[in-house]
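Summary of the model geometry
The primary structure of each chain is shown beneath.
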Amino acid sequence: MLQLLRTAGLRAFSMASETYTSGTHSAAFVTCPNDTVAKDLARGIVEKKLAACVNIVPAITSVYEWQGKIEEDNEVLLMIKTRSSKVPALTEYVRSNHPYEVAEVISLPIDQGNPPYLKWIGEVVPE
């Protein structure tokens, strides 16, 4: 029991002592036409240190207006974790390597999260 309390106390102290400034990192989202494009983009993004991690979410349905028509397509979503300062370079990489005429690249600042995970993003993605 003492060991369990000691472990819990150390973990709580470790998490509390790690600081994170809201907005330092961002979660970016990119839609892709298929798994092949999604995997190619994800690998390139991580290899070029534009993000620490890219999750590939299969089988989403997108409904949108394009050139005056309502469209519905099956797509694949990339969920990208990166430094906010890297979003412009990430956007340029996606625009240069994506088959869509207008590639979706949107990002939201990360306000809070698991401190060790946020620290890891900062260690993997250089400023």
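Residues numbered from 1 in each chain as written. Predicted model: local features only at pLDDT ≥ 70, side-chain atom pairs only at ≥ 80, totals over all residues. Heavy atoms only, no water.

Focus: the layout of surface pockets
Of the pockets and cavities examined, the largest pocket occupies roughly 250 Å³. Every residue lining the largest pocket is listed: Thr31, Tyr64, Trp66, Glu71, Asp73, Glu75, Tyr100, Glu101, Val102 and Glu104. Elements with a minimum of two residues in the lining of the largest pocket: strand 2 (53-66) and strand 3 (69-83). If one sorts the elements of the lining of the largest pocket by residue count, strand 3 sits on top with three residues. (1 Å grid on protein atoms, 1.4 Å probe; cavity = no way out; pocket = protein on both sides within 12 Å on 5 of 7 lines; lining within 4 Å. Points joined across faces, edges and corners; volume = space filled by probe spheres on them. Helix = DSSP H or I, 4+ residues; strand = E, 2+ residues; numbered from the N terminus.)

Details of the pattern of salt bridges
Inspection of every chain in the model, using the stated rule, returns two salt bridges. Put simply, glutamate 123 and lysine 119 hold a salt bridge, and the shortest N to O gap is 3.9 Å. Note that glutamate 123 and lysine 119 are positioned in helix 4 (residues 115-124) at a spacing of four residues, about one turn of the helix. Glutamate 123 gets classed as exposed once you look at its relative accessible area, which sits at 54%. Under the relative-accessibility criterion, lysine 119 is labelled partly exposed at 48%. (Salt bridge = Lys/Arg side-chain N within 4 Å of Asp/Glu carboxyl O. Buried < 20%, exposed > 50% of the residue type's maximum accessible area, 1.4 Å probe, protein only.)

Some thoughts on a nonpolar patch on the surface
Taken together, the side chains of Tyr64, Trp66 and Val102 present a nonpolar region at the surface, about 270 Å² in accessible area. By the element assignment, tyrosine 64 lies in strand 2. When its relative accessible area of 31% is taken as the criterion, tyrosine 64 is described as partly exposed. (Patch = residues over 30% accessible without salt bridge, like charges linked within 9 Å, V, L, I, M, F, W, Y side chains within 5 Å. Areas by Shrake-Rupley, 256 points an atom, 1.4 Å probe, with all protein chains shown as cover.)

On their own, these measurements won't tell you what the molecule is for.
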